Amino acid sequence: MLIATNEAGRVVKKPSKPVIGTMLANLHRSNAHLVLERVEDGMEGSWYVQVLLRDDNTYQLEYRDGVAAEHHQTRTISQEKVLNALLGWAAGKADWRNSFMWNNIGSQFEVGDDQQQG
């Protein structure tokens, strides 16, 4: 099941294309991020795509495919490209990320040896 959540606290289960589009269009300074998460029984890890409207009015787009090592990020000025990516990801299309150059930022989320020892 897909779940859409924004910074303002709105949560929509099984969001439609128009709902995703509206939630993206309504991003602003006090409601600057949107997360689409895929939650399925038996599916381990975190599977999501998220967008942050930055102070410079660019969109920071990230996705995670299950594990921290598969966490990627890009930026764009195009709300239309972000919407197409969100809708493509939600629909499970294989080519949804092709319009961007992605950076793997997974190393920022891995726990180091000194943190594991507690």
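The structure under discussion appears in the preceding block.
Here we summarise the structure given alongside this text. Because the structure is predicted, anything quoted here is derived from the model rather than measured. (Residues numbered from 1 in each chain as written. Predicted model: local features only at pLDDT ≥ 70, side-chain atom pairs only at ≥ 80, totals over all residues. Heavy atoms only, no water.)

### As for helix H2 (residues 79-91)
Across its 13 residues, H2 extends 18 Å between first and last C-alpha, which sits within 8% of the 18 Å expected from 1.5 Å per residue. For H2, the full list of buried residues reads Val-82, Ala-85, Leu-86, Leu-87, Gly-88, Trp-89 and Ala-90. If you follow the buried residues of H2, they end up packed against strand S1 (2-6), helix H1 (17-25), strand S3 (33-38), strand S4 (46-53), strand S5 (59-66) and strand S6 (71-76). Just beyond H2, the residue with positive phi is Gly-92, at close to 75°. (Helix = DSSP H or I, 4+ residues; strand = E, 2+ residues; numbered from the N terminus. Expected span 1.5 Å × (residues − 1). Buried < 20%, exposed > 50% of the residue type's maximum accessible area, 1.4 Å probe, protein only. Contact = heavy atoms within 4.5 Å.)

### Some remarks on the packing of H1 against H2
At their nearest, the axes of H1 and H2 sit 10 Å apart, and the two run at 140° to each other. As H1 packs across H2, the resulting crossing turns out to be right-handed. Across from Lys-17, Ile-20, Gly-21, Leu-24 and Ala-25 in H1, the residues of H2 making contact are Gln-79, Val-82, Leu-83, Leu-86, Leu-87 and Ala-90. For the contact of H1 with H2, a count of residues per class yields eight nonpolar, two polar and one charged. (Axes fitted to C-alpha atoms, helices over the stretch in contact; angles between N-to-C directions. Left-handed = near helix turned anticlockwise from the far one by under 90°. Nonpolar A, V, L, I, M, F, W, Y, C, P; charged D, E, K, R; others polar.)

### Here's the deal with the sheet that holds S4
Across the sheet, which stays open at both edges, the seven strands sit in the order S2-S1-S3-S4-S5-S6-S7 with antiparallel pairing between neighbours. Two strands in the sheet have a free side with no partner beyond their single neighbour: strand S2 (11-13) and strand S7 (103-104). Each of S1, S2, S3, S4 and S5 touches H1; the most contacted strand, S3, lies at about 150° to it. Sheet strands in contact with H2 are S1, S3, S4, S5 and S6, and its direction is about 20° off that of S3. (Pairing = 2+ DSSP bridges.)

### Notes on the nonpolar core
In terms of nonpolar packing, the biggest core is built from 24 residues, with Leu-24, Leu-34, Leu-36, Val-49, Val-51, Leu-61 and Leu-86 touching the most fellow members. Tallying contributions element by element places H2 first for this core, with six residues. Apart from residues no more than four positions distant in its own chain, Leu-24 is found in contact with Leu-34, Val-51, Tyr-59, Gln-79, Val-82, Leu-83 and Leu-86. (Core = buried A, V, L, I, M, F, W, Y, C linked by side-chain atoms within 4.5 Å.)

### As for the pairing of S4
Pairing of S3 with S4 involves five bridges; the strand directions are antiparallel. When the bridges of S4 are listed, Glu-37 appears paired with Tyr-48. Bridging between S4 and S5 involves eight bridges; their strand directions are antiparallel. Note on S5: the bridge partner recorded for Tyr-48 is Arg-64.

### Topic: the pattern of salt bridges
Counting across every chain of the model gives three salt bridges. Note that Arg-29 is salt-bridged to Asp-55, the shortest N-O span being 3.4 Å. Note that Arg-29 is positioned in the loop between H1 and S3 and Asp-55 in the loop between S4 and S5, a separation of 26 residues in sequence. On the accessibility criterion, Asp-55 (64% relative accessible area) is exposed. (Salt bridge = Lys/Arg side-chain N within 4 Å of Asp/Glu carboxyl O.)

Purely geometric stuff here, so don't read any function into it on its own.
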